[in-house]
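Spelled out from the first residue to the last, the chains are:
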Amino acid sequence: MTATATDRILNFSAGPGVLPEDVLRQVQSDIWNIDGSGMGIMEHSHRAKVYDKVLAEAFADCRAVGNIGDDYEVLFMTGGATAQNHLIPANLLPEGGTADYAVTGYWAKKTIAECKLYGTPHAAFDGESTNFEFVPSQDELKFSANPAYFHYTSNNTIRGTQYHYVPETPAGVPLVCDMCSDIFSRPLDISKFGLIYAGAQKNLGPAGTTLVIIRKDLLERSPRPLPGMMSYKVFAAKESRPNTPPVFPIYVVGLVFKWILKQGGLGVIEQQNAAKAKVIYDALDASDFYTTPARTDSRSLMNLVFRTPSPETDKKFLAEAFEAGMDNLKGHRSTGGMRASIYNAFPAEGCETLVQFMREFERRHG
Ligand SMILES: *Cc1c(COP(=O)(O)O)cnc(C)c1O
């Protein structure tokens, strides 16, 4: 299947992001009539056989993609990553306890703010004074004496930085990761993590569901009574349907898992992503016209942030790129400049097209 059907443009959106063409075609058909049931996926009950199968396959395929063992629960929740910012301390932080955070950008700052509702956050690292240009090395993480967990953001969607290792925590301290913008972009050693969460809309599907992978022993930790909708334990016990779940997004996420498996799994996906990013970073490095704020060792393979010599020229870049069939290249409002988000489903040819355009633009404006 070609990645550039003529009525679709190149979508560099940071989220909701581009979906695989094969998935969208399947969705088109299943919206009308799924599995010969005479009804579309959005019209089925969340207790119906059709959804039982969709959900069972989504769980199984997620486990296959992430190589996730029986000692972990897979949950489909709602409220996005933003809800996880308070669900995590609510479920894991004892009254008056401390949790450690690596502050590497906007989302990390938001998550630390919500922790204060339940206890005391400790910044194991704070990149604010260095403009969030890099993620910390293991040695730069300064843990508190007895944290309930350590939270980090594996990929900083806005700053364009990414960890290229999994941090180690002091013995017995669960590792908690906001993996919103790079989940399943590379192989995962699940055994290193206590909890991983990701809103679906960057690398997994449409907005509306949040994937949570949690080590089973942590389900028992809840230090306080919680509403059922806030409890990991309740979601686990009720197979992620304590109420009417977002059937449609969960179904699409299930198709994306199948698509990843069909590509050959996360090893192949990782190679594709590395090759895609290299095309663009090589072009940026070969030019004095474009600059990238992210430190070389912390560069994100998902969100590539760059700018031209001036905000006025950035504006021209965005307008001309749009004319050339490339949309959503505008950087986050807090950083300005450009950001090319090239999630799993973004086609490799699209990266080549962007680089061609960048070269021509530099020739005309450099
Ligand atoms: C997009 C994003 C979020 C916010 O996700 P919501 O689903 O809108 O709550 C949080 N963290 C990171 C790293 C993100 O990229």
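Residues numbered from 1 in each chain as written. Predicted model: local features only at pLDDT ≥ 70, side-chain atom pairs only at ≥ 80, totals over all residues. Heavy atoms only, no water.

**Student:** How should the overall build of the chain be read in this particular structure?
**Tutor:** A tally of helices and strands in the chain yields nine helices and 13 strands. Relative to the globule expectation of 21 Å for 366 residues, the C-alpha radius of gyration of the chain, 21 Å, shows essentially globular dimensions. Projected onto the principal axes, the alpha-carbon positions of the chain cover approximately 60 × 60 × 30 Å. Evaluated residue by residue, the chain yields a buried proportion of 54% over its 366 residues. The long-range fraction of contacts in the chain, counting pairs at least 24 apart against all pairs at least 6 apart in sequence, stands at 67%. As displayed, the chain has an accessible area near 15,800 Å², and 52% of this comes from carbon and sulfur atoms. Positive and negative side-chain charges of the chain, numbering 36 and 41 respectively, have mean locations separated by a distance of 3 Å. (Helix = DSSP H or I, 4+ residues; strand = E, 2+ residues; numbered from the N terminus. Rg over C-alpha atoms; globule rule 2.2 N^0.38 Å. Buried < 20%, exposed > 50% of the residue type's maximum accessible area, 1.4 Å probe, protein only. Contact = heavy atoms within 4.5 Å. Areas by Shrake-Rupley, 256 points an atom, 1.4 Å probe, with all protein chains shown as cover. Lys, Arg positive; Asp, Glu negative; His and termini not counted. Charge placed at Lys NZ, Arg CZ, Asp CG, Glu CD.)

**Student:** Honestly, the site of the ligand in this entry has me stumped. Any pointers?
**Tutor:** The immediate surroundings of the ligand are formed by Gly80, Ala81, Thr82, Trp107, Thr153, Asn155, Thr157, Asp178, Cys180, Ser181, Gln201 and Lys202. Separating an oxygen atom of the ligand from a backbone N or O atom of Ala81 is a distance of 3.1 Å. Separating an oxygen atom of the ligand from a side-chain N or O atom of Gln201 is a distance of 2.8 Å. In the complex, the protein chains occlude 86% of the 390 Å² of accessible area that the ligand would expose alone. The dominant element in the shell around the ligand, judged by the number of residues it contributes, is helix H3 (residues 80-92), at three residues. (Near = heavy atom within 4 Å. Polar contact = N/O pair within 3.5 Å; in protein donor to acceptor, adjacent residues only side chain to side chain.)

**Student:** What should I look at first to understand the environment of Lys202 in this one?
**Tutor:** With respect to the secondary-structure elements, Lys202 resides in the loop between strand E9 (195-199) and strand E10 (210-215). Its relative accessible area of 11% is what places Lys202 among the buried residues.

**Student:** Would you explain the domain arrangement of the chain in this entry?
**Tutor:** Size of an interface, as often reported, equals the accessible area lost when the parts are brought together. Its domain assignment divides the chain into domain 1 (24-263) and domain 2 (265-365). Put simply, the middle of domain 1 and the middle of domain 2, counted by C-alpha atoms, are 27 Å apart. Each partner contributes to the interface: domain 1 provides 28 residues, whereas domain 2 provides 28 residues. The largest share of the area that domain 1 buries against domain 2 comes from Ile158, Gly160 and Gln263, three residues that together contribute 22% of it. Between domain 1 and domain 2 we count zero salt bridges in total. Joining domain 1 to domain 2, the criterion identifies 13 residue pairs in polar contact (both at pLDDT 80 or more). Looking at the side of domain 1 that touches domain 2, the elements with two or more residues in it are helix H2 (49-66), strand E7 (161-162) and helix H6 (247-263). (Domains from an automatic or database assignment. Buried area = accessible area lost by both parts, 1.4 Å probe. Salt bridge = Lys/Arg side-chain N within 4 Å of Asp/Glu carboxyl O.)

**Student:** I keep staring at the pattern of salt bridges and nothing clicks. Help me out?
**Tutor:** Two side chains with opposite charge may pair up if their charged atoms get near one another. Taken as a whole and judged by the stated rule, the model has 17 salt bridges. Among the salt bridges present, the one from Glu95 reaches Arg224, with a minimum N-O distance of 3.2 Å. You can see Glu95 sitting in the loop between H3 and strand E3 (98-103) and its partner Arg224 sitting in the loop between E10 and helix H5 (232-237), a full 129 residues away along the chain. A salt bridge links Glu320 to Arg364, with the shortest nitrogen-to-oxygen separation between them at 2.5 Å.

**Student:** Sorry if this is basic, but what is going on with helix H4 (residues 106-115) here?
**Tutor:** Along an α-helix, residues three or four apart share an orientation, since each turn contains 3.6 residues. Along H4, the residues that are buried comprise Ala108, Thr111, Ile112 and Cys115. Projection of H4 onto a plane perpendicular to its axis shows the buried side chains occupying an angular sector of 100°, all on one side. Contacts made by the buried residues of H4 are with H3, E3, strand E4 (120-126), strand E5 (150-153) and E9. (Arc of directions from axis to C-beta.)

**Student:** I tried to follow the environment of Asp126 on my own but got confused; where do I start?
**Tutor:** Within the secondary structure layout, Asp126 lies in strand E4. On the basis of relative accessibility, which here comes to 43%, the residue Asp126 falls in the partly exposed class. When neighbours within four sequence positions are excluded, Asp126 is seen to be in contact with Val103 and Phe132. Within polar-contact distance, the side chain of Asp126 engages the backbone nitrogen of Glu128 at 3.0 Å.

**Student:** Please explain the environment of Pro187 as it appears in this structure.
**Tutor:** Mapped onto the elements of the fold, Pro187 is located in the loop between strand E8 (175-178) and E9. Residues Pro187 and Gly66, spaced 121 residues apart in sequence, show a C-alpha to C-alpha distance of 7.1 Å. Leaving out residues up to four positions away in the same chain, Pro187 has contacts with Leu266, Gly267 and Glu270.

**Student:** Help me understand unusual backbone geometry, please; the structure alone is not making it clear to me.
**Tutor:** With the exception of glycine, the majority of residues adopt a negative phi angle, and the majority of peptide bonds are in the trans configuration. Cis peptide bonds are those with omega within 30 degrees of zero, and the linkage from Gly15 to Pro16 qualifies with -10°. Topologically, Pro16 is positioned in the loop between strand E1 (10-11) and helix H1 (21-32).

**Student:** Teacher, can you tell me more about H6 here?
**Tutor:** With 17 residues, H6 extends 25 Å between its outermost C-alpha atoms, agreeing within 8% with the 24 Å of an ideal straight helix rising 1.5 Å per residue. Extensive coverage of H6 is indicated by the burial of twelve of its 17 residues. On its buried face, H6 is in contact with H1, H2, strand E2 (72-77), E10 and helix H7 (266-285). Following H6 by one or two positions, Gly264 adopts a phi angle in the positive range, close to 115°. (Expected span 1.5 Å × (residues − 1).)

**Student:** Sorry, what's going on with the pairing of E10 here?
**Tutor:** Along a regular strand, successive side chains alternate from one face of the sheet to the other. Counting buried residues along E10, five of its six residues qualify, which places the element largely inside the surrounding structure. Alignment of E2 against E10, held across six bridges, turns out to be antiparallel. Within the sheet, the bridge partner assigned to Glu73 lies in E10 and is Ile214. Where E9 lies against E10, five bridges are found, and the strand directions are antiparallel. Across the sheet, the residue bridging to Ile196 is Ile213, located in E10. (Pairing = 2+ DSSP bridges.)

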